Amino acid sequence: MNIQRLFKRLKPGRGAVISIPYFWLLLFFLVPFFIVLKISFAEQDLAIPPFTSLMNLEEGGLLHLTLNLGNFDFILSDDFYAKTYLSSLQTALFTTLMCLLLGYPIAYAIARTDPARRNVLLMLVMLPFWTSFLLRVYAWMGLLNENGLINSFLLGIGLIDEPLMLFHNDFSLYLVMVYAYLPFMILPLFSHLVKMDGRLLEAASDLGAGPIKAFFTITLPLSKNGIIAGSMMVFIPAVGEFVIPELVGGPDTLMIGKVLWNEFFDNNNWPMAAAVATVMVLLLIVPIAFLHRFETRQLEGKGNE
Amino acid sequence: MKRFARTLLLGAVSAAYAGSAVAASNELNIYNWSDYIAESTIPGFQKATGVKVRYDVYDSNEILQAKMLTGKSGYDIVVPSNTFLAKQIQANLYLPLDKSKLPNYKDLDPELMKLMTKFDPGNKFAVPYFWGINTIGINTDRATKALGGKLPANQWDMLFKPEHAAKLKSCGVSMLDSPAEVFPIVLHYMGKDPASKSEADYRAAADLLKSIRPHVTRFSSSGYINELSGGSLCLVLGYGGDINIARTRAVEVKSGVKVQALVPKEGVGIWIDSMVIPKDAKNADNAYKFINYSLDAKVAAANANAVTYAPGSLPARKFIDKANLANPSIFPSKEVMAKSFVMLPMDPKIQRLTTRLWQEFKTRK
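A quick note: this is a predicted structure, and the numbers were derived from the prediction, not measured.

1. Points about the nonpolar core
Piece 1. Judged by nonpolar contacts, the single largest core of 185 residues is most densely connected at B:Met175 and B:Leu209.
Piece 2. Per-element accounting of this core gives the leading share, 12 residues, to helix H8 (residues 170-193) of chain A.
Piece 3. Composition of this core by domain shows at least three residues from each of domain 1 (25-130 + 270-330) and domain 2 (132-267 + 342-361) of chain B.
Piece 4. When residues no more than four places from it in sequence are discounted, the contact partners of B:Leu209 are B:Phe160, B:Met175, B:Val182, B:Phe183, B:Val186, B:Trp358 and B:Phe361.

So this is what it looks like as structure tokens:
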């Protein structure tokens, strides 16, 4: 990070303004993370709160610090956790790819329409956010289940004799995951695609490139930032997703969010849950750091122009 | 009972309320299971005492426990189930009862109170609200047909013997999504101690579960009610009261589905939900008033008729609907009770093992 260089370029008064987001991050990301990290080194206890404290002040002013590494050791030694992390990453990756494949043409189409219609289309993408996320998942449950609207309709018109198994399996899981996260892919893609200079495509066409070649040599590379931003916005929350797998996923869906829930609520083991969360955050920091490096590099690139 | 879905919806609402308990003598904050009281009870209590009641609901013991262990819940009465209550008592969360403030305490079923000493030694903290059984329910016509016209002599075999379960698979088999509820039943079925402390017993139970895994089509702790009454399930392992609700619903909508809560003679799992007062309750006196009010025979009977579970009060039985009283899944016979067991808490090591085995069982990994 090049915060100092960034600050130098800015006028002194702006430092205060810039510090607000950092303060925000410190207060609502870093501090909670350290609280979780602290709990992950504690031991389960039957008390309020249900874990031991790390520090004990003994008589004579001796400060005792007890760090319990057992939780992390357990996560590493039991391959169940590795399998779960892997399966979460896999689910998130597949969701991201599907969102990209679906979202890119949508974003492209919106960016290419005339401005008047563009706003209406953008509005349609954002409109679902006016309803609670949870209600939208419930709506899918109503559509997909065995006695749901889709099955009732298909049975009613006689297209099928037995209800289709649309619910509580991988199909419903990915359908709803992609549905829920698609806008997060479309919006950043759109904001990059809309800025693209249309004359570049005209030039390519003049020089004899067909639409496919023009797309792959001009549009796609120019929208790379949008692809990365959109993918991160989908991938990162999808890894930790709990509600969708729980409500519409199948019994064999293995996600880290559920394991965390089990540790916290079923085993009542807050330290173990905290350790699982810590490892998840560390796993997610890798893509975030990647994104951040990419953005910084871009910022620098623009500064040198 | 675990109704996770609704918890999410209600969680935000109750969280907003929970924090705002104010020290005032005419208030009472109750946190109870969803759909677990007659509509007339709270208005009746408010009228009788002038106490203003704030009534919030939850749908899983886990949610309640997390809130209690965080501390300062703001509630004056909560209603945990036996296994959870046992641990919460050990964690010193609740107020020992001053029974002189509960004149109706004498009406409580002495046999039930004796069962309760297993998790509340000396009956120091808890007043039973409702109790019931974990058992199997069937879609009578479809299950009988799938099994060739006759249920097996040991009705548990329907679920736990792969050859029977395989026949029922095509019409839907559902199981409670909770290792804490299912493992004791499997252990009991295998003739082992349902509260076993031996890891090997739980591994053996998991092996039995794995043998029927291909035939379990659904894991659900509340959704099965609708699916059973709608006809898309023909065998469920669930809560007796919920299976009765499914039966009532099927009758109401005239779906033609006949639902039956079975009470296998080999015994069932018994749970008891009890009212307790958190240590930091600000309106403990009002909590006593409410507990005493809900022990009143007529009030208890009204609640029981509404939720189709058995109350702790004996005189209440005079006012309970005859059909409910005669239903063995609400009031099991003495013979069944003698072979049944109260579910007890697992120590952390066993709990971890069962959660882990359950995940393996469920995800087939």
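2. Details of the packing of H8(A) against helix H11 (residues 224-239) of chain A
All names here are of chain A.
Piece 1. At their nearest, the axes of H8 and H11 sit 8 Å apart, and the two run at 155 degrees to each other. By the angle class used here, H8 and H11 are roughly antiparallel. At the point where H8 passes H11, the crossing takes the right-handed sense. Between H8 and H11, the contacting residues are Met177, Tyr181, Phe184, Met185, Pro188, Leu189 and His192 on the first element and Asn225, Gly226, Ile227, Ala229, Gly230, Ser231, Met233, Val234, Pro237 and Ala238 on the second.
Piece 2. Looking at the contact of H8 with H11, its residues break down into 12 nonpolar, 5 polar and no charged.

3. Some remarks on the UniProt feature "transmembrane region" (unreviewed entry) in chain A
Piece 1. The UniProt entry lists residues 21-41, 89-108, 120-141, 171-190 and 270-291 of chain A under the feature "transmembrane region" (unreviewed entry), expressed in the numbering used here.
Piece 2. The straight-line gap between the two end C-alpha atoms of residues 120-141 of chain A is 28 Å; of that span, 73% is helix and 0% is strand.

4. Regarding the interface of chain A and chain B
Piece 1. Taken together, the contact between chain A and chain B spans 36 residues of the former and 31 residues of the latter.
Piece 2. Buried surface at the junction of chain A and chain B, summed over both partners, amounts to about 3000 Å²; 60% is from carbon and sulfur atoms.
Piece 3. Counting across the interface, chain A meets chain B through 2 salt bridges.
Piece 4. Its salt-bridge partner being A:Asp78, residue B:Arg356 comes within 2.3 Å of it at the nearest N-O pair.
Piece 5. In this structure, the connection of chain A to chain B is made through 5 residue pairs in polar contact (both at pLDDT 80 or more).
Piece 6. Those elements that provide at least two residues to the side of chain A that touches chain B are helix H4 (79-112), helix H6 (133-144), helix H12 (243-248), helix H13 (256-266) and helix H14 (270-304) of chain A.
Piece 7. Take the side of chain A that touches chain B: its biggest share by element is 7 residues, from H13(A).

5. A few points about the state of the cysteines
Residues and elements named next belong to chain B.
Piece 1. Considering all chains together, one arrives at 1 disulfide over all chains under this definition.
Piece 2. Paired through a disulfide, Cys171 and Cys234 show a sulfur-sulfur distance of 2.0 Å. Disulfide Cys171-Cys234: the torsion about the S-S bond is 50 degrees, which places it as right-handed. Linking Cys171 in the loop between helix H8 (162-168) and strand S5 (173-175) with Cys234 in the loop between helix H11 (224-230) and strand S7 (235-239), this pair joins segments that are 63 residues apart in sequence. Grouping residues by exposure puts Cys171 and Cys234 together as buried.

6. Thoughts on unusual backbone geometry
Piece 1. Looking along the chain, the bond that leaves A:Ile48 and enters A:Pro49 is cis, with omega of -15 degrees.
Piece 2. The residue A:Pro49 is located in the loop between helix H2 (14-40) and strand S1 (55-58) in this model.
Piece 3. With a phi angle near 65 degrees, B:Asn92 is a residue other than glycine that sits in the positive phi range.
Piece 4. With respect to the element layout, B:Asn92 can be found in the loop between helix H4 (82-90) and helix H5 (110-116).
Piece 5. By relative accessible area, B:Asn92 is classed as partly exposed at 46%.
Piece 6. One non-glycine residue with positive phi stands out, namely B:Lys254, at about 50 degrees.

7. Examining the pattern of salt bridges
Piece 1. Enumeration according to the criterion identifies 17 salt bridges over all chains in this entry.
Piece 2. Two residues, A:Arg199 and A:Asp197, come together in a salt bridge whose shortest N-O distance is 2.7 Å.
Piece 3. Note that B:Lys265 and B:Glu266 form a salt bridge whose closest N and O atoms lie 3.0 Å from each other.
Piece 4. Linked by salt bridges that have partners in common, A:Asp78, B:Lys210, B:Arg356 and B:Glu360 make up one network.

8. Looking at the domain arrangement of chain B
Residues and elements named next belong to chain B.
Piece 1. Each assigned domain of chain B is listed with its residue range as follows: domain 1 (25-130 + 270-330) and domain 2 (132-267 + 342-361).
Piece 2. On a C-alpha basis, the centres of domain 1 and domain 2 stand 27 Å from each other.
Piece 3. Of the roughly 1600 Å² buried between domain 1 and domain 2 on both sides combined, carbon and sulfur atoms contribute 58%.
Piece 4. Where domain 1 meets domain 2, there are 0 salt bridges.
Piece 5. Run the count over domain 1 and domain 2 and you get 8 residue pairs in polar contact (both at pLDDT 80 or more).
Piece 6. Broken down by secondary-structure element, the contributors of at least two residues to the side of domain 1 that touches domain 2 are H4 and strand S9 (269-275).
Piece 7. Looking at the side of domain 1 that touches domain 2, the element that brings in the most residues is H4, giving 4 residues.

9. Observations concerning H4(A)
Piece 1. The terminal C-alpha atoms of H4(A), which comprises 34 residues, lie 49 Å apart, in line with the 50 Å expected from a rise of 1.5 Å per residue.
Piece 2. Where H4(A) bends most, the angle comes to about 30 degrees, and this point is A:Gly103, followed within four residues by the proline A:Pro105.

10. A short note on the side chain of B:Ser229
Piece 1. One can find B:Ser229 in helix H11.
Piece 2. When near neighbours in sequence (up to four residues on either side) are disregarded, B:Ser229 contacts B:Ala246, B:Arg249, B:Ala250, B:Ser255, B:Val257 and B:Val259.

11. Some thoughts on the packing of aromatic side chains
Aromatic ring pairs are defined here through the distance separating the ring centres and the angle between the ring planes.
Piece 1. Enumeration according to the criterion identifies 36 aromatic pairs over all chains in this entry.
Piece 2. Put simply, the rings of A:Phe51, A:Phe242, A:Trp261, A:Phe264, A:Phe265 and A:Trp270 touch in pairs and so form one group of aromatic residues.
Piece 3. Over the ring of A:Phe74 we find B:Arg352; its NZ or CZ atom is 4.6 Å from the centre of that ring.

12. Concerning the sheet that holds strand S3 (residues 77-78) of chain B
Residue and element names in this part refer to chain B.
Piece 1. The parallel open sheet is built from 3 strands, whose spatial order is S2-S1-S3. What marks the edges here is a single partner per strand, and that holds for strand S2 (52-58) and S3.
Piece 2. Of the pairings in the sheet, the one linking strand S1 (residues 27-33) to S2 comprises 7 bridges and is parallel in character. Each bridged residue has a counterpart across the sheet, and for Ile30 the counterpart in S2 is Tyr55.
Piece 3. Across the sheet, helix H3 (residues 61-70) touches S1, S2 and S3, and the angle it forms with S1 is around 140 degrees.

What counts, and at which threshold
- Residues numbered from 1 in each chain as written.
- Chains lettered and ligands numbered in written order.
- Predicted model: local features only at pLDDT ≥ 70, side-chain atom pairs only at ≥ 80, totals over all residues.
- Heavy atoms only, no water.
- Core = buried A, V, L, I, M, F, W, Y, C linked by side-chain atoms within 4.5 Å.
- Buried < 20%, exposed > 50% of the residue type's maximum accessible area, 1.4 Å probe, protein only.
- Helix = DSSP H or I, 4+ residues; strand = E, 2+ residues; numbered from the N terminus.
- Domains from an automatic or database assignment.
- Contact = heavy atoms within 4.5 Å.
- Axes fitted to C-alpha atoms, helices over the stretch in contact; angles between N-to-C directions.
- Parallel < 35°, antiparallel > 145°, perpendicular 65-115°, else oblique.
- Left-handed = near helix turned anticlockwise from the far one by under 90°.
- Nonpolar A, V, L, I, M, F, W, Y, C, P; charged D, E, K, R; others polar.
- UniProt positions renumbered as here; feature names shortened; annotations may be inferred.
- Buried area = accessible area lost by both parts, 1.4 Å probe.
- Salt bridge = Lys/Arg side-chain N within 4 Å of Asp/Glu carboxyl O.
- Polar contact = N/O pair within 3.5 Å; in protein donor to acceptor, adjacent residues only side chain to side chain.
- Disulfide = S-S within 2.5 Å.
- Expected span 1.5 Å × (residues − 1).
- Bend = angle between axes of the 7 residues up to and from the residue.
- Phe/Tyr/Trp six-rings, centres within 6.5 Å; stacked < 30°, edge-to-face > 60°.
- Lys NZ or Arg CZ within 6 Å of the ring centre and 35° of its normal.
- Pairing = 2+ DSSP bridges.

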